Amino acid sequence: MPLFLISALVGAVLSGISLAIFAPYVTLRRISYMGEALSHIAFAGIALAMISGLNLTFGAWMFVSIVALGISWLSQKYKIQEANTITIFLSLSMALGIILISLKQDYTFDLASYLFGNVLLISASELWALGLLNVLNIAYVLFFYKELFYLSYNPEMSKVFRIRTQAVDKIFYLLLAANIVFNLKSAGIILVTAQLILPAVTAFNLTCKLYKAIFISVIVAIISALAGFAVSFALNLPTGATIVVCQALLYTLSFIFKKGRR
Amino acid sequence: MISFKDLQYQIANKTILEDINLEIPDGVFAAIIGPNGAGKSTLIKLLLGLIEMQEGSVIIDGIPQKKWLKANSFGYLPQREEFDRSFPATARDIVLMGMAGTLPWGRRFNKEHETKAVEVMHMCGIGEKAGAQIGSLSGGEYQRVLLARAILTDSKYLILDEPEAGIDRPGVTSFFKLLKKFNEAGKTIITVSHDLHTLSKYCTFLICLNRRLHCHNNAELINAEVIRNTFGDSVRLIEKEY
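On a predicted model such as this, the values are computed, not experimentally measured, just so you know.

### Overview of the overall build of chain B
Part 1: When helices and strands are counted, chain B shows eight helices and ten strands.
Part 2: Within chain B, buried positions represent 52% of all 242 residues.
Part 3: Partitioning the intrachain contacts of chain B with sequence separation of at least 6 by distance along the chain shows that 67% fall at a separation of at least 24.
Part 4: Taken as a whole, chain B presents about 11,500 Å² of accessible surface, with 48% of it coming from carbon and sulfur.

### Observations concerning helix α6 (residues 124–143) of chain A
An α-helix turns once every 3.6 residues. As a result, residues three or four positions apart point the same way.
Residues and elements named next belong to chain A.
Part 1: With 20 residues, α6 should reach 28 Å at 1.5 Å per residue; the first-to-last C-alpha distance of 29 Å fits that figure.
Part 2: Turning to α6, its buried residues number three or more, namely L127, L130, L133, N134, N137, Y140 and V141. The arc enclosing the buried residues of α6, seen along the axis, measures out at 145°, which places them on a common side. Relative to its buried face, α6 has exposed residues pointing more than 90 degrees away, namely A124, S125, W128, L132, V135 and L142.
Part 3: At its buried positions, α6 is contacted by α1 (3–28), α7 (145–153), α9 (166–182) and α12 (210–235).

### Quick word on unusual backbone geometry
Part 1: Despite not being glycine, N236(A) shows a phi value in the positive range, around 55°.
Part 2: Mapping N236(A) onto the fold places it in the loop between α12 and α13 (239–261).
Part 3: Exposure remark for N236(A): the relative accessible area of 70% places this residue in the exposed category.
Part 4: Here D19(B), not a glycine, exhibits a phi torsion of approximately 50°, which is positive.
Part 5: Its relative accessible area of 38% is what places D19(B) among the partly exposed residues.

### Let's talk about the sheet that holds strand β1 (residues 2–11) of chain B
All names here are of chain B.
Part 1: Spatial strand order, β2-β1-β4-β5: four strands in an open sheet with antiparallel pairing. Each edge of the open sheet carries a strand with a single partner, namely β2 (14–24) and β5 (63–64).
Part 2: Strand direction decides the pairing type here: β1 and β2, joined by seven bridges, are antiparallel. By the bridge assignment for β2, L7 is matched with I20.
Part 3: In the packing of helix α1 (residues 40–48) onto the sheet, the strands contacted are β1, β2 and β4 (55–60), and the crossing angle to β1 comes to about 120°.

### What about the packing of α7(A) against helix α3 (residues 91–100) of chain B?
Part 1: Following both chains from N to C, one finds α7(A) and α3(B) inclined at 115°, their axes separated by 11 Å at the closest point. Classified by the interaxial angle, the pair formed by α7(A) and α3(B) is roughly perpendicular. Where α7(A) crosses over α3(B), the handedness of that crossing is left-handed. Across from K146(A), F149(A), Y150(A) and Y153(A) in α7(A), the residues of α3(B) making contact are D93(B), I94(B), L96(B), M97(B) and A100(B).
Part 2: A breakdown of the residues in the contact of α7(A) with α3(B) according to their chemical character gives seven nonpolar, no polar and two charged.

### Considering the interface of chain B and chain A
Part 1: Chain B puts 38 residues into the contact, and the matching count from chain A is 28 residues.
Part 2: Both sides of the chain B and chain A interface together cover about 2,900 Å² of buried area, and 62% of this is carbon and sulfur.
Part 3: Among the residues chain B hides against chain A, the three largest losses belong to F87(B), M97(B) and W105(B). Together they make up 27% of the total.
Part 4: Summed over the shared surface of chain B and chain A, the result is one salt bridge.
Part 5: For the salt bridge of R30(A) with D84(B), the shortest nitrogen-to-oxygen distance reads 3.1 Å.
Part 6: The tally of links from chain B across to chain A stands at 14 residue pairs in polar contact (both at pLDDT 80 or more).
Part 7: Of the residues that constitute the side of chain B that touches chain A, the class distribution is 20 nonpolar, ten polar and eight charged.

### Side note on the nonpolar core
Part 1: Counting residues in each nonpolar core, the largest one holds 154 residues, and the members touching the most others are F172(A), L176(A), I2(B), F4(B), F74(B) and L147(B).
Part 2: Two domains each donate at least three residues to this core, and these are domain 1 (1–74 + 156–242) and domain 2 (82–154) of chain B.
Part 3: Setting aside anything within four residues of it in sequence, one finds F172(A) in contact with F22(A), Y25(A), V26(A), R29(A), I31(A), Y140(A) and L148(A).

### Some words on the side chain of S217(A)
Part 1: Among the secondary structure elements, S217(A) is positioned in helix α12.
Part 2: Setting aside anything within four residues of it in sequence, one finds S217(A) in contact with A20(A), A23(A), P24(A), P199(A), A200(A) and A203(A).

### Notes on the packing of aromatic side chains
Residue and element names in this part refer to chain A.
Part 1: Under the definition given, this model contains 18 aromatic pairs over all chains.
Part 2: Between the aromatic rings of F22 and Y140, the centroid separation amounts to 6.0 Å while the plane-to-plane angle is 15°, which identifies the pairing as stacked. Taken together, the residues F22 in helix α1 and Y140 in helix α6 connect sequence positions 118 residues apart. Per residue, the accessibility class of F22 equals that of Y140, and both read buried.
Part 3: The ring centre of F172 lies 4.6 Å from the NZ or CZ of R29, which sits over that ring.

### Digging into the packing of α1(A) against α9(A)
All names here are of chain A.
Part 1: Contact geometry of α1 with α9 gives a least axis separation of 10 Å together with a crossing angle of 135°. It follows from the interaxial angle that α1 and α9 lie oblique. In this structure, α1 crosses over α9, and the sense of that crossing is left-handed. Here S18, L19, F22, Y25 and V26 of α1 lie close against α9, whose contacting residues are F172, L175, L176 and N179.

### With respect to the pattern of salt bridges
Residues and elements named next belong to chain B.
Part 1: With the rule as written, the count across this model stands at 13 salt bridges over all chains.
Part 2: Ionic pairing is found between R211 and E18, a salt bridge with its closest N-O pair at 2.5 Å. Separated by 193 residues along the polypeptide, R211 in the loop between β9 (205–210) and β10 (212–218) and E18 in strand β2 bring together distant segments of the chain.

### Some remarks on a nonpolar patch on the surface
Part 1: Residues M1(A), L3(A), I6(A) and V10(A) make up a contiguous nonpolar surface patch of about 410 Å² in total accessible area.
Part 2: By the element assignment, V10(A) lies in helix α1.

### Structural notes on the side chain of N154(A)
Part 1: On the secondary structure map, N154(A) appears in the loop between α7 and α8 (155–160).
Part 2: The exposure class assigned to N154(A) is buried, which follows from its relative accessible area of 8%.
Part 3: In this structure the side chain of N154(A) is engaged in a polar contact, spanning 3.1 Å, whose partner is the backbone nitrogen of E156(A).
Part 4: With residues up to four places along the chain from it excluded, the contact list for N154(A) reads E81(B), E82(B) and M97(B).

Thresholds applied
- Residues numbered from 1 in each chain as written.
- Chains lettered and ligands numbered in written order.
- Predicted model: local features only at pLDDT ≥ 70, side-chain atom pairs only at ≥ 80, totals over all residues.
- Heavy atoms only, no water.
- Helix = DSSP H or I, 4+ residues; strand = E, 2+ residues; numbered from the N terminus.
- Buried < 20%, exposed > 50% of the residue type's maximum accessible area, 1.4 Å probe, protein only.
- Contact = heavy atoms within 4.5 Å.
- Areas by Shrake-Rupley, 256 points an atom, 1.4 Å probe, with all protein chains shown as cover.
- Expected span 1.5 Å × (residues − 1).
- Arc of directions from axis to C-beta.
- Pairing = 2+ DSSP bridges.
- Axes fitted to C-alpha atoms, helices over the stretch in contact; angles between N-to-C directions.
- Parallel < 35°, antiparallel > 145°, perpendicular 65-115°, else oblique.
- Left-handed = near helix turned anticlockwise from the far one by under 90°.
- Nonpolar A, V, L, I, M, F, W, Y, C, P; charged D, E, K, R; others polar.
- Buried area = accessible area lost by both parts, 1.4 Å probe.
- Salt bridge = Lys/Arg side-chain N within 4 Å of Asp/Glu carboxyl O.
- Polar contact = N/O pair within 3.5 Å; in protein donor to acceptor, adjacent residues only side chain to side chain.
- Core = buried A, V, L, I, M, F, W, Y, C linked by side-chain atoms within 4.5 Å.
- Domains from an automatic or database assignment.
- Phe/Tyr/Trp six-rings, centres within 6.5 Å; stacked < 30°, edge-to-face > 60°.
- Lys NZ or Arg CZ within 6 Å of the ring centre and 35° of its normal.
- Patch = residues over 30% accessible without salt bridge, like charges linked within 9 Å, V, L, I, M, F, W, Y side chains within 5 Å.

So this is what it looks like as structure tokens:
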């Protein structure tokens, strides 16, 4: 197997794992729209990083993190409906991204690979970054398990019972932004949200324990990455899209299993 | 003792609470009554620090509320706790929330914590449901889980916002009997309620609120006139001699 294919396979698996660790929390907190919005907002972040000469991934992460914390703060402070705030930010960011990219005419920008992802283009440094991100994700989820559990259950009650969730919540958004931005190369702006939801909803069809759901979510992501990679390689299909289809198939199977168990 | 001093609260230029000066002594079973929109839940939320104070102050055990809340928590039972019925939690997990704030980051619950939680659940008559998924509990069972969570805080104050919501009549009576037991064991109970019939049997201190305070006194000193002033035309009082 050529080295670039091994890198791509490892990249697809690491990418799937990193999104799958966060997926149960995104599902329980009912903020899947936030994942959708942040992936689109990352587009403006990439464009801004390009204009200012920053590293694209790092620049986009900075931008997405600021916007994610901003949305969270605005909706808590002024009780604005998060869905409305996010739609405004999402549309504005896409518009801003398109304008900025059109201004930078001397730069060749492979828009399609960011929109739909192309894991074959993943570099060694990006693999390391994904590996490090996974370590951070696991450490975060293990260390703040209790706080994340109650934050997901009810943030207002967490405050009443003095559970220290404020900083945990901020770190959550910073890591969520990192997970989205660092996976754009492999999963793509359009498809990254699917990988942030499907493994978790599949897991919750199979278990009603959070720690088991996180574990199953990761297993679903690994199986889908391996199967999706193999099928896309054999049939010459886009890898990111095939992985998402595999996740959707596993979700369907889990749904049938859940219905059959009742 | 909890003291409210010169409390005012407005939402979009509409006065919700006005000139609230109130002292709730320790050990009472206090009920806050008033019609819908009287500001009862707002008063509770201000006390809990869930909404920012605009004017006035709250003093708890002689300490300003913000400072008190940094070191203590109330045992609180909300009006309607929003939760996803499919949330992957057992009744015991929700009860343990009452003591989660006492543990530092990274520390998990141990056997001792879990045993204590189940003991409190037994006191609240819900012990056998400790391992049940929250989605499988009835409204009355869930209220008892939330009461057990409030008790587990070990706070001397129990604050309840319409605890009878979603419980049938026999359930309400046994729930208030349970509250009375905790009151007799030393807890100060402050409850918002519409159920004047049940309150008349259990509460010892009545706070009549309709934007302003109409009274705050020992329950037996409250007469029909005060109730009429608080509720206006929204209630019809039938006085009986006993």
